Amino acid sequence: MRDISLPKIYELHTERLLLRQWRTSDLHAFAQMNGCEKVMEYFPHPLTSFESDAIAHRLTKIISEKGWGFWAIEEKNSQKFIGSVGLKQTDACLPFSPAVEIGWRLDSQYWHKGYATEAAKKSLEFAFNELNLKEVISFTAKINKPSIKVMERIGMTDTGNTFNHPMVVRNSPLHQHVLYKIEQVKLIDGRGA
């Protein structure tokens, strides 16, 4: 008889943050965040609660199946949900697929505190030390300077390969994207070894 076992669900800890599986209690805060024009400035449009919940359920399912993905971020001191960060397989329609991407989205009240950088570094440490990935990529709209700064702070470099995102309308200022990458390094506590 074949042994059928569920994968280990990884939780990652930093000094201030817990990267964990999603909870039903996260949905309201996630929907408020995704409905905020400020948070969604570099996305095609803010999301409805229904759209936001569908994303959260999809992210939960991926983590349940793989053990990792785009985790919910919890601020340890307050135990509040503050956003999402993590890793996922890129969509097949993207010109550089297959690849594993890193991404983040935080509620605006938690911006400028270093949380995105802290959580992303921990995700990269996991990608290289646990998953043994050779490379991780990230991409965003060319005009999204805040996300580009996070990419650079976590050691990613611009590949110089801009591309038109196939899921963004052509006349949108968000159509042209930049592609960043980082190659495998052994990371310990967010620092190169």
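Let me sum up the structure you'll find in this document.

Conventions used here
Residues numbered from 1 in each chain as written. Predicted model: local features only at pLDDT ≥ 70, side-chain atom pairs only at ≥ 80, totals over all residues. Heavy atoms only, no water. Helix = DSSP H or I, 4+ residues; strand = E, 2+ residues; numbered from the N terminus. Contact = heavy atoms within 4.5 Å. Areas by Shrake-Rupley, 256 points an atom, 1.4 Å probe, with all protein chains shown as cover. Lys, Arg positive; Asp, Glu negative; His and termini not counted. Charge placed at Lys NZ, Arg CZ, Asp CG, Glu CD. Phe/Tyr/Trp six-rings, centres within 6.5 Å; stacked < 30°, edge-to-face > 60°. Buried < 20%, exposed > 50% of the residue type's maximum accessible area, 1.4 Å probe, protein only. Axes fitted to C-alpha atoms, helices over the stretch in contact; angles between N-to-C directions. Parallel < 35°, antiparallel > 145°, perpendicular 65-115°, else oblique. Left-handed = near helix turned anticlockwise from the far one by under 90°. Nonpolar A, V, L, I, M, F, W, Y, C, P; charged D, E, K, R; others polar. Pairing = 2+ DSSP bridges. Salt bridge = Lys/Arg side-chain N within 4 Å of Asp/Glu carboxyl O. Core = buried A, V, L, I, M, F, W, Y, C linked by side-chain atoms within 4.5 Å.

### Considerations on the overall build of the chain
Piece 1. For the chain, the count of helices and strands is four helices and 11 strands.
Piece 2. Dimensions along the principal axes, computed over C-alpha positions, put the chain at roughly 55 × 40 × 35 Å.
Piece 3. For the chain, the proportion of contacts with a sequence separation of at least 24, taken over those separated by at least 6, is 63%.
Piece 4. Working note: accessible area of the chain is about 10800 Å², and carbon and sulfur atoms make up 52% of it.
Piece 5. Each charge class in the chain was averaged separately, 25 positive and 22 negative side chains, and the resulting centres sit 2 Å apart.

### Thoughts on the packing of aromatic side chains
Piece 1. Counting across every chain of the model gives nine aromatic pairs.
Piece 2. For the pair W22 and F81, a centre-to-centre distance of 5.4 Å together with 50° between the ring planes defines the contact as tilted. One end of the pair, W22, is in the loop between β2 (17-20) and α1 (27-34); the other, F81, is in strand β4 (residues 80-89), and 59 residues separate them in sequence. With respect to class, W22 is no different from F81; both count as buried.
Piece 3. Taking the centre distance of 5.4 Å and the plane angle of 55° together, the rings of F96 and F139 count as tilted.

### Regarding the packing of α1 against helix α2 (residues 49-66)
Piece 1. Packing of α1 against α2 brings their axes to within 9 Å, and their N-to-C directions diverge by 120°. With respect to α2, the axis of α1 lies oblique. α2 is crossed by α1, and the crossing has right-handed handedness. In this structure, α1 uses L27, F30, A31 and N34 to contact α2, whose residues at the interface are S49, S52, D53, I55, A56 and H57.
Piece 2. Here the contact of α1 with α2 is composed, by residue class, of five nonpolar, four polar and one charged.

### Side note on the pairing of β2
Piece 1. The two faces of β2 match: L17 and L19 on one face and L18 and R20 on the other face are all buried.
Piece 2. As paired strands, strand β1 (residues 12-13) and β2 are joined by two bridges and run antiparallel to one another. Bridging from a neighbouring strand, H13 pairs with L18 of β2.
Piece 3. Hairpin connection between β1 and β2: a loop of three residues separates the two successive antiparallel strands.
Piece 4. In the sheet, β2 pairs with strand β3 (residues 70-75) via four bridges, with the strands oriented antiparallel. When the bridges of β3 are listed, L18 appears paired with E74.

### Observations regarding the pattern of salt bridges
Close approach of charged atoms lets side chains of opposite charge pair.
Piece 1. Applying the stated criterion across every chain, the model contains 10 salt bridges.
Piece 2. A salt bridge links R20 to D26, with the shortest nitrogen-to-oxygen separation between them at 2.9 Å. The same class applies to R20 as to D26, namely buried.
Piece 3. The residue E135 makes a salt bridge to K181 at a minimum N-O spacing of 3.6 Å. One end of the pair, E135, is in strand β6 (residues 135-141); the other, K181, is in strand β9 (residues 176-183), with 46 residues separating them in the sequence.
Piece 4. The partly exposed category is assigned to K181, whose relative accessible area is 26%.

### Here's the deal with the nonpolar core
Piece 1. By size, the foremost hydrophobic cluster in this structure holds 45 residues, and its most contacted members are W22, L87, I102, W104, L106, V136 and I154.
Piece 2. The greatest single-element share of this core, amounting to eight residues, is contributed by helix α3 (residues 115-129).
Piece 3. Apart from the residues within four sequence positions on either side, L106 is in contact with M33, V39, I73, I82, G83, S84, W111, Y115 and A116.
Piece 4. Judged by nonpolar contacts, the second largest core, of seven residues, contains L94, F96, A99 and L179.

### Considering unusual backbone geometry
Piece 1. In this structure, P98 follows S97 across a cis peptide bond, with omega equal to 0°.
Piece 2. The phi dihedral of Q79 falls on the positive side, at around 60°, and the residue is not glycine.
Piece 3. Given a relative accessible area of 61%, Q79 falls into the exposed group.
Piece 4. Phi is positive for N132, close to 55°, though the residue is something other than glycine.
Piece 5. A relative accessible area of 42% places N132 in the partly exposed class.

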